[in-house]
Amino acid sequence: MRKKILFVLLGLAVVVAGFWLFSEKKSGQPIKVYVVFQEDEGRILLEMFKKKMDQPYELIRMSSGEAGYHLLTLGKTGIDVVIGGPADLHEQLKHKNKSIRYRSSAISTIPDRFKDSDGYWSGMYMGALAIGVNESVWRSDPQLAALPMPQQYEDLLRPELKGKIEIPDPETSGTGYTLLASLAQQRGETEAISLMKSLKQQSASTTFSGITSAQRLAEGEVAAVVSFLGDQLRFKNSGYAIRSLIPPEAGWEVGGISILRGGDNTKAAKAFVDFMLSREVQTDYMNTAFSFPVTPDIPLNRLLAPVKLENLMGGYRFDLAAQHRETLLGQWKAAGEE
């Protein structure tokens, strides 16, 4: 009788344990991710991760400026990972003690210039600033048709382009701040603010994000923009007549990934970093976002293969961009009030 009771209890224990494990798997803690690039690109990546790891997720799309404000000024957010956004954002998270160290097994293959030496963040893609021109708009505009297409930022200041260009706002856009910070490192803060002010005065508007500038360019609302090359190529790949040129000493970004301190699911966050830095995902993301992979020896997408990166500013420093952010944006705001 005792043996029979014991077997029954053991059987019940197995059933309860199985039910508990099954329930836990089905109602697992989601990973919460700030995505600082296009929402559809982020959702594709997270759906791939969900399928591979059976890991539910919550995606919050934010611009670089929004993400920086929320993560640097607010308390515990419950967010586990930030993906995308220029490395200066991830440098700020590191120095404000908002992120944690994690050295993924995949990080050894990534060149030093694309990752934090202390292990707080790694790059997951690289992108270059470019001048984008809508060739259809340019050729159909009587004032522009006879002009050579712009090769450098100063070419965007021609009187014929007044109200026909656009730049992203450096306060809200990582693209805009990369433009400002790279100009400051190349030319000094005074000249950088002066040029940015002139570009703003020349612009139809300053957009909230870099992708908005590229979208307005594609739709023919402006003739030329400054934005990241990948955003321009995304629309070119969809059939829009966009021509891109990297100006001399152009700024560039390393889009980073960081695990946040105080997140609710650090275990899943580490698995997600491993996933994002894998060769397979690096390749898939390149073909979706048209950015350069940071993992070496990945064959480039056909739109990236002919791109010449010799014009990029070789000495651009993300740590200085992060350190000088408040000063530069303060000068930018003051210039706008003059």
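Preceding this section is the structure that the text describes.
Q: Tell me about helix α10 (residues 266-276), and please be specific about residues and values.
A: Among all positions of α10, only A268, A269, F272, V273, F275 and M276 are buried. On an axial view of α10, the arc spanned by its buried residues comes to 160°, and they lie on one face. Turning to α10, the residues buried within the fold contact β1 (31-36), α2 (39-53), β3 (81-86), β5 (121-134), β10 (252-260) and α11 (279-289).

Q: Help me get a handle on the layout of surface pockets, residues and values and all.
A: Think of a ball as big as a water molecule: rolled over the atoms, this probe shows where empty space is left. Empty space within the largest pocket amounts to approximately 480 Å³. Looking at the largest pocket, it is lined by 17 residues, and the ones nearest its centre are G68, L72, Q92, R325 and E326. Sort the elements by how many residues they give to the lining of the largest pocket and helix α3 (residues 64-73) lands first, with 6 residues. In this structure, the second largest pocket spans a volume of roughly 300 Å³. Looking at the second largest pocket, it is lined by 17 residues, and the ones nearest its centre are R113, F114, M126, F292 and L309. Its residues assigned to classes, the lining of the second largest pocket comprises 13 nonpolar, 2 polar and 2 charged.

Q: Explain the nonpolar core to me, and be specific about the residues and the numbers.
A: Most often, soluble globular proteins have nonpolar side chains that are buried together. Membership of the largest hydrophobic core comes to 84 residues, with the highest contact counts inside it found for I31, I83, M124, Y153 and F272. Those residues in contact with Y153 that sit more than four places away from it in its chain are L129, I131, L179, L183, R187, L195, L199, V226, P247, A250 and G251.

Q: Can you break down the packing of helix α6 (residues 174-187) against helix α7 (residues 189-202) residue by residue, with the values?
A: At a minimum axis separation of 7 Å, α6 and α7 run at an interaxial angle of 140°. The angle between α6 and α7 places the two elements in the oblique class. Of the two elements, α6 crosses α7, and the hand of that crossing is right-handed. Counting all contacts with α6, which are made through G176, L179, L180, L183, A184 and R187, the residues of α7 involved are E189, E191, A192, I193, L195 and M196. Considered class by class, the residues forming the contact of α6 with α7 number 8 nonpolar, 1 polar and 3 charged.

Q: Could you give an account of the pairing of β3, naming the residues involved and the relevant values?
A: The element β3 is largely enclosed, with a buried count of 6 among its 6 residues. Sheet topology note: the β3/β10 ladder contains 4 bridges and is antiparallel. Directly across from V81, in β10, lies its bridge partner I259.

Q: Outline the side chain of E253, listing residues and values.
A: Within the secondary structure layout, E253 lies in strand β10. The charged side chain of E253 is buried without a salt bridge, its nearest counter-charge being R61 at 11 Å. Contacts of E253, omitting those with residues within four sequence positions, involve G85, P86, Y125, M126, G127, F228 and F318.

Q: Report on the packing of α3 against helix α4 (residues 87-95), specifying residues and quantitative values.
A: Relative orientation of the contacting elements α3 and α4 amounts to 5°, with a least axis distance of 11 Å. By the angle class used here, α3 and α4 are roughly parallel. Residues S64, G68, L71 and L72 of α3 lie in contact with α4, whose contacting residues are L89, Q92 and L93. Its residues placed into classes, the contact of α3 with α4 shows 4 nonpolar, 3 polar and no charged.

Q: Lay out empty space enclosed by the protein in plain terms, naming residues and giving numbers.
A: Across all of its chains, the model carries 3 cavities of 30 Å³ or more by this definition. A volume near 350 Å³ is recorded for the largest cavity. Put simply, the parts of the chain that give the lining of the largest cavity at least two residues each are β3, β5, α6, α8 (210-218), α9 (229-237) and α11. Here the element with the most residues in the lining of the largest cavity is β5; it accounts for 4 residues. Counted by class, the lining of the largest cavity contains 13 nonpolar, 13 polar and 4 charged residues. Taken as a whole, the second largest cavity encloses approximately 90 Å³ of empty space. Taken together, 14 residues form the lining of the second largest cavity, with Y102, Y120, W121, I257 and V273 sitting closest to its centre.

Q: Please set out the packing of aromatic side chains residue by residue, giving values where relevant.
A: One pass over the structure, following the stated rule, counts 10 aromatic pairs. In this structure an aromatic cluster arises from ring pairing among F37, Y125 and Y285. The ring centre of Y177 lies 4.6 Å from the NZ or CZ of R325, which sits over that ring.

Q: Run through the environment of S173, naming residues and quoting values.
A: Within the element layout of this structure, S173 appears in the loop between β6 (165-168) and α6. Judged by relative accessible area, S173 falls into the buried class, the value being 3%. Measuring from C-alpha to C-alpha, the distance between S173 and L71 comes to 15 Å, with 102 residues separating the pair along the chain. With near-sequence residues (within four places) excluded, S173 lies in contact with S64, P168, F208, S209 and G210. One polar contact links the side chain of S173 to the main-chain amide nitrogen of T175, over a distance of 3.1 Å.

Criteria and thresholds
Residues numbered from 1 in each chain as written. Predicted model: local features only at pLDDT ≥ 70, side-chain atom pairs only at ≥ 80, totals over all residues. Heavy atoms only, no water. Buried < 20%, exposed > 50% of the residue type's maximum accessible area, 1.4 Å probe, protein only. Helix = DSSP H or I, 4+ residues; strand = E, 2+ residues; numbered from the N terminus. Arc of directions from axis to C-beta. Contact = heavy atoms within 4.5 Å. 1 Å grid on protein atoms, 1.4 Å probe; cavity = no way out; pocket = protein on both sides within 12 Å on 5 of 7 lines; lining within 4 Å. Points joined across faces, edges and corners; volume = space filled by probe spheres on them. Nonpolar A, V, L, I, M, F, W, Y, C, P; charged D, E, K, R; others polar. Core = buried A, V, L, I, M, F, W, Y, C linked by side-chain atoms within 4.5 Å. Axes fitted to C-alpha atoms, helices over the stretch in contact; angles between N-to-C directions. Parallel < 35°, antiparallel > 145°, perpendicular 65-115°, else oblique. Left-handed = near helix turned anticlockwise from the far one by under 90°. Pairing = 2+ DSSP bridges. Lys, Arg positive; Asp, Glu negative; His and termini not counted. Salt bridge = Lys/Arg side-chain N within 4 Å of Asp/Glu carboxyl O. Phe/Tyr/Trp six-rings, centres within 6.5 Å; stacked < 30°, edge-to-face > 60°. Lys NZ or Arg CZ within 6 Å of the ring centre and 35° of its normal. Polar contact = N/O pair within 3.5 Å; in protein donor to acceptor, adjacent residues only side chain to side chain.

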